[in-house]
Amino acid sequence: MRLSAAAIPALCSAAVVLSLAGTTPVLAQPFDGQRDAQPESATLAIVGGLLIDGHEGAPLPGGIVLVDGDRIVAAGSRETLAVPDGAEVIDATGMTIMPGLIDVHVHLDILGHSDYQHWHGSHRPNYPAIMEVSARQLLMSGVTTAVDLAGNPDALIATKERVESGAIPGPRIVASMGWITHWTDEEVQRHHRRTHTVNVRTVEEARAAARTAIAQGAGILKVHTGLTEAQLRAIAAEADRNGLRVTGHVGDRDDLLMRIRSGQDGIEHLSLSAGDSPIIHPDVIQGLLDRRTWVVPTMIQTLAQGLTAEWPDRRDNPRARALTPPDLWADIRSSIENPRRFGYFGGGLRVSRFRALRAKLRQLRDAGVRVLVGTDAGTPLNFHTDATWQEMDLMVRFGFEPMEVLVTATRRNAEYLGLGDEIGSLTPGKRADVIVVDGNPLLSMRDLRNVVAVVRDGRVYKRPGPGAR
Ligand SMILES: [Zn+2]
């Protein structure tokens, strides 16, 4: 541990901030020795404000992050670091500096519209244009890495290229390139995502589907329902060989246990027990622990309609509206006029559902199951502009410590994706994905609505100032 004398009082006051926030005070993690080493040059300096670096340690007041090109070169406090000449400065005084958010479950081809058949029927030829809107909404809301779990491969490849070249603003995209199913032909034809449903009948076809997605650049594989144990094992083996995770939906309890045992790494949605039962079967908990399976609860997807029915003004979500072309917004707005009529997520309004989610999430937490932050953003009323902070807010309301939630949405999500060496914390050498929040998420996760600066790969996409929110 190497701390300057000047930094010690600052860390003590950070501990006070933590205890005021109702979190368990934690000892400051040692800076890793290079963190406050002064670099000779930097292209960007984010200066002032509370520094939350993506590790569990106490936040550091008077923080500073120095970026050179696309990498972080130093993170520490103004007591120990100076801004090199020539660096662009973002003043974060009074705000919070933290790693960019990572959302491990989004859908870039949808924007919150509530009629899938209408949406995909109308916009299938326009997926690249829709994905451009989603990408901008996510990035401007502080999501610097997003995992797409269902999109059309051609549109995703094009969108990824445009984002990576800087042609359009967007998060780093990790994509499953559609999903793999074992359905009847009729089920495939009926489904609105039929153009990017890869339906398999045999183990060989399952293996081939995994290889095709990987060849298309998939950074994760997504399995939907109906697959046999042998098919799942073949897909999981192919993913394993390429260092990728397999995630997806689950059916009933037997199906869930079969998937865990077959090597499915992630379970999407908190559908871990029948209906609204708040109890996850002990065999399932044990299976999740034994195989170290991750769970992505996507609670906001389940609750978005009910919350909107209770608070109809949310249909006019100003952040989503501001970042959606007017013709698309008019289409979305008319589809969400009456949130109570939607069938797809029926029952979202019921108090019992809220209680069941809370009970299941607490059961997972108390058992030590690994939970991630993913939202299903883009699903009905679940806008890309708000889904991530709302999921994080629900986690806090359901008993997680705020610092744990911040670390989950950054470093742990990065580790799950196999990107832990590249992103997820403000560590020198990592990619410069940094956001500035006007407020303190340790005190209120809702402050994440106020992301006033966004840096991805060292490039500034949003700066504090009028209209930054
Ligand atoms: Zn989804």
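Residues numbered from 1 in each chain as written. Predicted model: local features only at pLDDT ≥ 70, side-chain atom pairs only at ≥ 80, totals over all residues. Heavy atoms only, no water.

Section: the pairing of strand 3 (residues 63–68)
Here strand 3 lies mainly inside the structure; five of its six residues are buried. By the bridge criterion, four bridges tie strand 1 (residues 44–47) to strand 3 in an arrangement that is antiparallel. Paired with Val47 across the bridge in strand 3 is Ile64. Here six bridges tie strand 3 to strand 4 (residues 71–77), and the two strands are oriented antiparallel to one another. By the bridge assignment, Ile64 is partnered in strand 4 with Gly76. Connecting strand 3 to the antiparallel partner strand 4 that follows it, the hairpin turn spans two residues, and Gly69 within it adopts a positive phi of roughly 65 degrees. (Buried < 20%, exposed > 50% of the residue type's maximum accessible area, 1.4 Å probe, protein only. Helix = DSSP H or I, 4+ residues; strand = E, 2+ residues; numbered from the N terminus. Pairing = 2+ DSSP bridges.)

Quick look at unusual backbone geometry
The backbone phi angle of His269 is positive, close to 75 degrees, even though this residue is not glycine. You can see His269 is positioned in the loop between strand 14 (266–268) and helix 9 (282–290). Phi at Thr298 takes a positive value of approximately 45 degrees, unusual for a residue other than glycine. Looking at the secondary structure, you find Thr298 in the loop between strand 15 (294–296) and helix 10 (299–310). For Thr298, a relative accessible area of 0% puts it in the buried group.

What about the coordination of the zinc ion?
Around a metal, the idealised angle for a tetrahedral arrangement of four donor atoms is 109.5 degrees; for an octahedral arrangement of six donor atoms it is 90 or 180 degrees. Looking at the zinc ion, the protein donor atoms are His105 (NE2), His107 (NE2) and Asp376 (OD), and they sit 2.0 Å from it. Between the donor residues of the zinc ion, the gaps in sequence give the motif H-x1-H-x268-D. You can see His107 sitting in the loop between strand 7 (101–106) and helix 2 (116–123) and its partner Asp376 sitting in the loop between strand 16 (370–371) and helix 14 (387–397), a full 269 residues away along the chain. The class for Asp376 is buried, based on a relative accessible area of 4%. (Donors = N, O, S within 2.8 Å, 3.2 Å for Na, K, Ca; no water.)

Things to note about helix 3 (residues 127–140)
Compared with an ideal rise of 1.5 Å per residue, which puts 14 residues at 20 Å, helix 3 spans 20 Å between its outermost C-alpha atoms and is within 8% of the ideal. Counting buried positions along helix 3 yields 10 of 14 residues, so the element is predominantly enclosed. (Expected span 1.5 Å × (residues − 1).)

Digging into the sheet that holds strand 2 (residues 50–51)
One open sheet holds the five strands; their spatial order is 2-6-17-18-19, and the pairing between them is mixed. For this open sheet the edge positions go to strand 2 and strand 19 (459–462), each flanked by a neighbour on one side alone. In this sheet, strand 17 (residues 434–437) lies alongside strand 6 (residues 96–99) in antiparallel orientation, the contact comprising four bridges. Bridge pairing in strand 17 places Pro99 opposite Val434.

So, the packing of aromatic side chains
Throughout the structure, instances matching the rule amount to three aromatic pairs. Aromatic pair Phe354 and Phe398: ring centres 5.2 Å apart, planes at 80 degrees, arrangement edge-to-face. Placement of the pair is Phe354 in helix 13 (residues 351–367) and Phe398 in the loop between helix 14 and helix 15 (402–416), with a sequence separation of 44 residues. Above the face of the Phe400 ring, Arg365 is positioned so that its terminal group lies 6.0 Å from the ring centre. Taking the ring centre of Trp294 as reference, the NZ or CZ of Arg370 above it sits at 3.7 Å. (Phe/Tyr/Trp six-rings, centres within 6.5 Å; stacked < 30°, edge-to-face > 60°. Lys NZ or Arg CZ within 6 Å of the ring centre and 35° of its normal.)

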